[in-house]
Amino acid sequence: MTLTPPLLLALMLGLMGAQATVDLRTAAAMAAGLCKTRPTDLVFIVDSSRSVRPSEFEQVKVFLAKVIEGLDVGPNATRVGVVNYASRVKNEVSLKTHRTKAGLVKAVTKVDPLSTGTMTGLAIQFALNVAFSENEGGRVKSPDISKVAIIVTDGRPQDNVKDVAQRARDAGIEIFAIGVGRVDMSTLKQMASEPLDDHVDYVESYSVIEKLTKKFQEAFCVSDLCATADHDCEQVCVSSPGSYKCACKDGFTLMDDGRSCSACSNSATDVVFLIDGSKSVRPENFELVKKWINQIVDKLDVSDSKAHVGLVQYSSLVRQEFPLGRHNNKKDLKEAVKKMAYMERGTMTGQALRYLTDKSFSVGHGARPGVSKVGIVFTDGRSQDYIGDAAKKAKEMGFKMYAVGVGNAVEDELKEIASQPTGEHYFYTADFKAMTQIAKKLQINICQEEDPCECDSLVKFQKKVEEALQALTKKIENMSKRIALLENKIV
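Presented here is an overview of the structure given in this document. As the structure is a prediction and not an experimental result, all values here were calculated from the model.

### Considerations on the sheet that holds strand 15 (residues 318-322)
Adjacent strands of a sheet form backbone hydrogen bonds with each other and so pair up, either parallel or antiparallel. The mixed open sheet is built from 6 strands, whose spatial order is 15-14-13-16-17-18. Only two strands of the sheet have a single partner each, and these edge strands are strand 15 and strand 18 (426-429). In this sheet, adjacent strand axes meet at a mean angle of 15° when their direction is disregarded. Inspection of the sheet shows strand 16 (residues 372-379) paired to strand 17 (residues 400-406) by 6 bridges, in the parallel sense. Among the inter-strand pairings, Val374 is bridged to a residue of strand 17, identified as Lys400. Packed onto the sheet, helix 10 (residues 283-299) meets strand 13 (269-276), strand 14 (307-314), strand 16 and strand 17 and runs at close to 170° relative to strand 13.

Take a look at the structure:
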């Protein structure tokens, strides 16, 4: 089997941990051009003490330029400043100075080393008091604006960094500390934000500092979750920085779960799931089936007056797990689904359909008179009994029937169970893990039919109005004729 890029990515996500999964998604988003950087005030604090040779300082500037190239630079996006330090501190680039990448990169190339001592604490204090200030282009503290300092140093500071770094972090500045060569690692840890694993980096020499470029590009990357399809919106996904929200097409209403859409969310519906629990399903897949049921439950407006849900499991026998109306809120309903025990044994789909028509939708089992009825049948194999008569009866009784098959399910049987139009009411997939997509596609849009009495009343009223208008028109015509006769007599 050839592993396509999407399949390879999915396989890798399954084998990796949570943090690695996030990193891989970010990398995929960057590769696809779907990555934006969040609005940030970013200040580089660069050590140019005498221990840093001129050629090494040039490599630091190349690193800075490459990180800048990966940013969305602009007044309302990311602003960049550069603080150069040794025994003294020099503000090389203010946050307000350059609003384009080209201007920033050019300014970075012109920075010269100071070549004296190493007063890292003094540099952090300068950044806190000056570089991040409003006078230098820093924006007012806000949840929407990140404040980030990246410190690059190759030695032991000649002053205290612990206290001043703490003050900077308390002020909302996220600090990354990069150490080179014979740097003091304990000092880096005193400066950096938590978690230290994400905020402390070490390279053995300036010649390889460029390898950190990707790490910092990814650190500022916010992927477009809608574009990467890493969302569960049923119809419309609306992106926002680092997040998204769901919406619906015209004529549909967003449900309480914030993901699903309904064309008729105000109608009362009785829904019964008929679930194959035969031995061919297997325990691990049966758990996936239960999750799939709850995905569909999430899309329903479950309440006393709206959607009621019942659950029936079948194999060689039929067992009602719970009837309609027993659980009228999503939380209780989903918990009851999770508790369903796997039956195993055979596949008597015909017998299960007869139970549905004779009992599940009866008043004695919680069904409501005059309410739309929906049956959702799931199976993973060929039925061991005849389904034709029971499937036909269900549709003749006015039930809307959905048929869902997985694995060895027979598509002809699914089509026989499904309501018309068949293409909208039967679904098949070879893999249990793909059932999530079926849950997204399956639309239970039962609309309240118009009351024929109300329609008749409207027609009668309209007819009376038309008759009254016709009579009034005749009277006006007669009056016009009389007026004309009177005018003739006067003349």
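### Overview of the packing of helix 5 (residues 120-131) against helix 6 (residues 162-170)
In the contact formed by helix 5 and helix 6, the axes pass within 9 Å of each other and the chain directions differ by 25°. One element, helix 5, and the other, helix 6, form an angle in the roughly parallel class. Considering only the axes of helix 5 and helix 6, their crossing is left-handed. Along its contact with helix 5, which presents Gly121, Ile124, Gln125 and Leu128, the element helix 6 presents Val164, Ala165, Arg167 and Ala168.

### Considerations on the pairing of strand 15
For strand 14 and strand 15, the ladder comprises 4 bridges, and the chain directions are antiparallel. Following the sheet pairing, Val312 is matched in strand 15 by Gln320. Linking strand 14 to strand 15, which pair antiparallel, is a turn of 3 residues.

### Details of a negative patch on the surface
Taken together, the side chains of Asp389, Glu411, Asp412 and Glu416 present a region of like negative charge at the surface. Here Asp389 lies in helix 13 (residues 388-396). Judged by its relative accessible area of 56%, Asp389 falls in the exposed class.

### Observations concerning the packing of aromatic side chains
If you walk through the whole model with that rule in mind, you get 7 aromatic pairs. Between Phe63 and Phe216, the aromatic rings sit 6.1 Å apart at their centres with planes inclined by 75°, giving edge-to-face as the arrangement. Of the two residues, Phe63 is situated in helix 3 (residues 54-69) and Phe216 in helix 9 (residues 213-219); the sequence distance between them amounts to 153 residues. On the basis of relative accessible area, Phe216 is assigned to the buried category, the value being 0%. For the ring pair Trp292 and Phe378, a centre distance of 6.0 Å and an interplane angle of 45° mean the geometry is tilted. Taken together, the residues Trp292 in helix 10 and Phe378 in strand 16 connect sequence positions 86 residues apart. Judged by its relative accessible area of 1%, Trp292 is buried.

### With respect to the packing of helix 12 (residues 349-360) against helix 13
At their nearest, the axes of helix 12 and helix 13 sit 8 Å apart, and the two run at 25° to each other. Classified by the angle their axes make, helix 12 and helix 13 are roughly parallel. Every pair of crossing elements has a handedness; the one defined by helix 12 and helix 13 is left-handed. When helix 12 is examined against helix 13, the residues Gly350, Leu353, Arg354, Thr357 and Asp358 are found in contact with a partner set consisting of Ala390, Ala391, Lys393 and Ala394. Considered class by class, the residues forming the contact of helix 12 with helix 13 number 4 nonpolar, 2 polar and 3 charged.

### Considering the pairing of strand 16
Buried residues dominate strand 16, accounting for 7 of its 8 residues. Note: strand 13 against strand 16, 7 bridges, orientation parallel. Along strand 16, the bridge assignment pairs Val271 with Val374. Between strand 16 and its parallel partner strand 17, the chain crosses via helix 13, and the hand of that crossover is right-handed.

### Re the sheet that holds strand 7 (residues 200-203)
Pairing in this open sheet of 6 strands is mixed, and the strands run 4-3-2-5-6-7 from one edge to the other. The strands lining the two open edges of the sheet, one partner per strand, are strand 4 (89-93) and strand 7. Across the sheet, the mean angle separating the axes of adjacent strands is 20° when strand polarity is ignored. Where helix 5 meets the sheet, its contacts fall on strand 2 (40-47), strand 3 (78-85), strand 4, strand 5 (146-153) and strand 6 (173-180), and the angle it forms with strand 4 comes to roughly 50°.

Parameters and conventions
Residues numbered from 1 in each chain as written. Predicted model: local features only at pLDDT ≥ 70, side-chain atom pairs only at ≥ 80, totals over all residues. Heavy atoms only, no water. Pairing = 2+ DSSP bridges. Helix = DSSP H or I, 4+ residues; strand = E, 2+ residues; numbered from the N terminus. Axes fitted to C-alpha atoms, helices over the stretch in contact; angles between N-to-C directions. Contact = heavy atoms within 4.5 Å. Parallel < 35°, antiparallel > 145°, perpendicular 65-115°, else oblique. Left-handed = near helix turned anticlockwise from the far one by under 90°. Patch = residues over 30% accessible without salt bridge, like charges linked within 9 Å, V, L, I, M, F, W, Y side chains within 5 Å. Areas by Shrake-Rupley, 256 points an atom, 1.4 Å probe, with all protein chains shown as cover. Salt bridge = Lys/Arg side-chain N within 4 Å of Asp/Glu carboxyl O. Lys, Arg positive; Asp, Glu negative; His and termini not counted. Charge placed at Lys NZ, Arg CZ, Asp CG, Glu CD. Buried < 20%, exposed > 50% of the residue type's maximum accessible area, 1.4 Å probe, protein only. Phe/Tyr/Trp six-rings, centres within 6.5 Å; stacked < 30°, edge-to-face > 60°. Nonpolar A, V, L, I, M, F, W, Y, C, P; charged D, E, K, R; others polar. Right-handed = clockwise from strand over helix to strand, strands pointing away.

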